[in-house]
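Chains, contacts and geometry: an overview
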Amino acid sequence: MIYEQIKKQAQDEMAKAVDSFENRIATIKAGRATEAVLDGITFSYYGTETPINQAATVSVPEARLLMIKPWDKSNIGPIEKAILKSNIGITPQNDGEVIRLPFPQLTEERRKEYTKQVDTYAEDAKIVIRNKRREAMDEVKKSEKSGDVTEDDRYTLEDEIQKIADKNIEEVEALANKKNKELMSV
């Protein structure tokens, strides 16, 4: 029972680290329009902070253009202000009907800067995974001392936890490599 709990908890916490990393790199612009840049941007909608995608239709009509069409036209101004205030590096264009976010072509220098940022996020995720592995290993040792887990089970469980950590670290590296390739392609 304890054996499966420790393994499941380690697996879940490491998976959360991978998901968090994936969400962080999704917001990095690759010179292509993506709805992920609006994640976390809210505006005041009748006194309530509301995410843009819950009050407007967000579409990508072209590779480097994001279009936001608010369901209530009176929200165009507050949405535009929220985007400007968020510092995403894109100036919105408002025509009274829709807001357009034109994504500029990235320079080589900017692409390299973004790949460094991805690598930093990847290293942060790996550190979290390693810390979760260490916590799980400590939990296994405590369980062995208290008699809940046998010595043989401890070695088996430590091996399984290590394999889970390795798999999650490989996944982070694969995601980082994929994002870096996307950023460096013209």
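Residues numbered from 1 in each chain as written. Predicted model: local features only at pLDDT ≥ 70, side-chain atom pairs only at ≥ 80, totals over all residues. Heavy atoms only, no water.

This part is about the environment of Pro70. Here Pro70 is to be found in strand β4 (residues 65–70). Residue Pro70 is classed as buried on the basis of its relative accessible area of 5%. In this structure the C-alpha to C-alpha distance between Pro70 and Glu97, which are 27 residues apart in sequence, comes to 8.0 Å. When sequence neighbours within four positions are dropped, the list of residues in contact with Pro70 reads Ala55, Ala56, Asn75, Ile76, Ile79 and Glu97. (Helix = DSSP H or I, 4+ residues; strand = E, 2+ residues; numbered from the N terminus. Buried < 20%, exposed > 50% of the residue type's maximum accessible area, 1.4 Å probe, protein only. Contact = heavy atoms within 4.5 Å.)

Here the focus is the domain arrangement of the protein chain. For the protein chain, the domain assignment lists domain 1 (2–29 + 107–184) and domain 2 (35–102). Distance from the C-alpha centre of domain 1 to the C-alpha centre of domain 2: 34 Å. (Domains from an automatic or database assignment.)

With that settled, consider the pairing of strand β6 (residues 99–102). Burial along β6 is one-sided: the face carrying Ile99 and Leu101 is buried and the face carrying Arg100 and Pro102 is not. Across four bridges, β4 lies against β6 in antiparallel orientation. Across the sheet, residue Ile68 finds its bridge partner in β6, namely Ile99. Judged from the two bridges that link them, strand β5 (residues 93–94) and β6 form a sheet pairing that is antiparallel. When the bridges of β6 are listed, Gln93 appears paired with Arg100. The turn linking β5 back onto β6 is made up of four residues, and Gly96 within it adopts a positive phi angle of 90 degrees. (Pairing = 2+ DSSP bridges.)

What follows covers the packing of aromatic side chains. Taken as a whole, this structure holds two aromatic pairs when the rule is applied. Geometrically, the ring pair formed by Phe43 and Tyr45 is tilted, given 5.9 Å between the ring centres and 55 degrees between the ring planes. On the basis of relative accessible area, Tyr45 is assigned to the partly exposed category, the value being 28%. Among the aromatic residues, ring-to-ring pairing joins Phe43, Tyr45 and Tyr46 into one connected group. Looking at Arg24, its charged tip hangs above the ring of Tyr121, at a distance of 3.8 Å from the centre. We note Arg154 situated over the ring of Tyr155; from NZ or CZ to the ring centre the distance is 4.5 Å. (Phe/Tyr/Trp six-rings, centres within 6.5 Å; stacked < 30°, edge-to-face > 60°. Lys NZ or Arg CZ within 6 Å of the ring centre and 35° of its normal.)

A word on the environment of Arg32. Within the secondary structure, Arg32 is located in the loop between α1 (2–26) and β1 (42–45). Sequence separation between Arg32 and Glu182 is 150 residues; the distance between their C-alpha atoms is 9.6 Å. In contact with Arg32, not counting residues within four places along its chain, are Ala63, Arg64, Phe103, Glu182 and Ser185.

Their axes nearest at 9 Å, the elements α1 and helix α3 (residues 108–146) cross at an angle of 170 degrees. Comparing the axis directions of α1 and α3 gives the class roughly antiparallel. Split into classes, the residues belonging to the contact of α1 with α3 amount to 16 nonpolar, one polar and seven charged. (Axes fitted to C-alpha atoms, helices over the stretch in contact; angles between N-to-C directions. Parallel < 35°, antiparallel > 145°, perpendicular 65-115°, else oblique. Nonpolar A, V, L, I, M, F, W, Y, C, P; charged D, E, K, R; others polar.)

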